[in-house]
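Below, each chain spelled out in residue letters.
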Amino acid sequence: MDTRKFGFFVVLCILITLTKAEDPYHFFEWKVTYGTMSPLGVPQQVILINDKFPGPAINCTSNNNIVVNVFNNLDEPFLLTWNGVQHRKNSWVDGTPGTMCPIQPGTNFTYKFQVKDQIGSYYYFPTTGMHKAAGGMGIIQVHSRPLIPVPFDNPADEFAVFVGDWFNKGHKALKTLLDGGKSIGHPDGIHINGKSAQVGASAEPSWTFEAGKTYRFRVCNVGMRTSINFRFQNHDMRLVEVEGSHLMQNDYMAMDLHVGQCMSVLVTADQPPKDYYLVVSSRFTKQVQSTVATIRYAGSNTPPSQELPPPPPEKTAGIAWSMNQFRSFRWNLTASAARPNPQGSYHYGQINITRTIKLANSRNYIDGKLRFALNGVSHVDPKTPLKLSEYFGVADKEFKYDIIGDEPPPDIEKNVKIAPIVLNATYRNFVEIIFENHENTMQTYHFDGYSFFAVATEAGKWSPEKRKNYNLEDAISRHNVAVFPGCWAAIMLTLDNCGMWSLRSEMWERFYLGQQMYVSVLSPERSNRDEYSLQNTTQLCGIVTNLPKPPDYV
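For every chain, the first residue of its written sequence is number 1, and the numbers climb from 1 along that sequence. Local features in a predicted model are, by the rule used here, given only for residues with pLDDT of at least 70; side-chain atom pairs are given and counted only at 80 or more, and totals for whole chains, interfaces and linings are based on all residues. To obtain the side-chain values, all non-hydrogen atoms of the structure were included, while hydrogens and water were left out.

Participant: Kindly report on the state of the cysteines, identifying the contributing residues and their values.
Facilitator: When two cysteine sulfur atoms lie within 2.5 Å, the pair is treated as a disulfide. Taken as a whole, this structure holds 2 disulfides when the rule is applied. Each sulfur of the disulfide joining cysteine 101 and cysteine 541 lies 2.1 Å from the other. Looking down the S-S bond of the cysteine 101 and cysteine 541 bridge, the torsion is -90°, so its handedness is left-handed. With cysteine 101 in the loop between strand S5 (80-83) and strand S6 (108-114) and cysteine 541 in the segment after strand S32 (516-522), this pair connects stretches of sequence that are 440 residues apart. Here cysteine 101 matches cysteine 541 in class, with each residue buried. Between cysteine 220 and cysteine 262 runs a disulfide, and the two sulfur atoms are separated by 2.1 Å. Since a negative S-S torsion denotes a left-handed disulfide, the cysteine 220-cysteine 262 link at about 110° is right-handed. In this pair, cysteine 220 sits in strand S12 (residues 214-221) while cysteine 262 sits in strand S17 (residues 262-268), placing the two residues 42 residues apart along the sequence. Cysteine 262 matches cysteine 220 in its accessibility class, with the two residues each being buried. With its bonded cysteines labelled in order along the sequence, the protein chain shows the pairing 1-4, 2-3. Each helix corresponds to a stretch of at least 4 residues labelled H or I by DSSP, and each strand to a stretch of at least 2 residues labelled E; elements are numbered beginning at the N terminus. Partly exposed describes any residue whose relative accessible area lies between the buried limit of under 20% and the exposed limit of over 50%, with all areas from a 1.4 Å probe on protein chains only and scaled to the type maximum.

Participant: Residue-level account of the sheet that holds strand S1 (residues 25-37), with values.
Facilitator: Two strands form a pair only when DSSP identifies at least two bridges running between them. Sheet architecture is open: 4 strands sit in the order S2-S1-S4-S6, paired in mixed fashion. Lying at the two open borders of the sheet, with one neighbouring strand each, are strand S2 (44-49) and S6. Between one strand and the next, the sheet's axes are offset by a mean angle of 20°, whatever the strand orientation. Axes, fitted as lines to C-alpha atoms, cover a helix only where it is in contact. Angles between the N-to-C directions of the axes lie from 0 to 180 degrees.

Participant: Can you explain the packing of aromatic side chains? Please cite residues and give values.
Facilitator: In this scheme Phe, Tyr and Trp rings, the latter by its six-membered ring, pair at centre separations within 6.5 Å, and the angle between planes marks the pair as stacked below 30 degrees, edge-to-face above 60, and tilted otherwise. Within this structure, the stated rule accounts for 34 aromatic pairs. Between phenylalanine 209 and tyrosine 215, the ring centres sit 4.5 Å apart and the planes meet at 0°, which makes this aromatic pair stacked. Each member of the pair phenylalanine 209 and tyrosine 215 is classed as buried. Working rule: Lys NZ or Arg CZ, within 6 Å of ring centre, within 35 degrees of ring normal, means a charge sits over the ring. Positioned above the aromatic ring of phenylalanine 71, the side-chain terminus of lysine 31 is 5.2 Å from the ring centre.

Geometric values such as these leave the question of function open.
Below, the structure written as structure tokens:
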């Protein structure tokens, strides 16, 4: 054989082998149990994973495969969702009631998914009942692959910081309130990683700094309903990443973080060696709640000053402050990282919009019981997960598609009904979704399976003329958007990920009482190229329990 042909043949074989080689795997075994902790100083039942709250971290690299065997040792069914992980072609393991049967008490289920083409800061949490109010959550840290440069130097260390509101009532008591048609009311306080402390109180340091080094804090608001603000005493923060997007880097003294959102900030130990506080306080609440955690410089024995960094303004001025901060976030188009298209070649502002969906939230009472709705319908989960009904061809026995329109009705507070909401969407359409908030409370929305471009937020009502104010160049790609009281927010995305995907309020009282929906994206070819077939390990329930399995996708 010609030497050159033989060499080409060898190289071709190597390339084929490399192409077929799978990305690395990470295996986890988690035991979900009850335990007793005191997040606000009051002993109460919490949900632990491997005896921890927050639970174990998933520390991985872009494209890694994650395998998590979850043992449910609670006395109730349990599910975990992976907030921000897109599960390309694989809504079977998304972990929402519309996609999966819950893990029954005393049983286990193994999640297997890939963090395909993603980097960033995410977290997992339970979606069953009001379990989220009791814990059962942990950080997901997805790093860039080793040969891909990151637009900042490697930090000396990374710290996961879970912040949010907390209720001293247990999750079962909260669920009983909601099932009885009542609100869960206001939270009892704020926690940082399951703990709370007050200024001047003796506390062990949560983190240790070495002078001159820089640290990455991955901060997530995992609360039930309350926006928060966080700030470091005497230290600025450099914002470098939000929900998987590297940003044009700016320094901030205080950061607003709305429910369900995550971001990464760099903090440099450039102050005199002593102890300092991380301060977390509630936003847009009648009574401001706050807590602190201690950062200690190595070798320090000087307590932190009791003079705290000032909070941002409240009320109307605070909303304007927070909106302006949102507008200051700009995507770093030259950073090398997993993204919809590399190096800023994805010009989303030049793609024709094929569909505009406007969603308006409302607070309603139906038969004397509190409900929340989108476009006049309050979602309820049928006995069979929506995705399973659809896949087995029995959707018509469980729900109707498109029971809400692409525009809210003239009066969204009248004639509200309770039913499953499933929007039928066209694969690969480029859509615009408008969230209108007619209420006087903050809203945040999350879309499973996708990241989207959050292009605008303004006061008042949306109209097509508002598109002239969109950021069509460098809006960040993310999975969560905040909608301020009396305001609207616009997002844009391509529906290129087949599956049944949850579009929901991240305020868990609202989610539980109906402010959520699902978007069904199906490929007309029903091909494994576009969506994975039902997995053999998938648990069945409801009306599909004993049905024969449909043929796999081609």
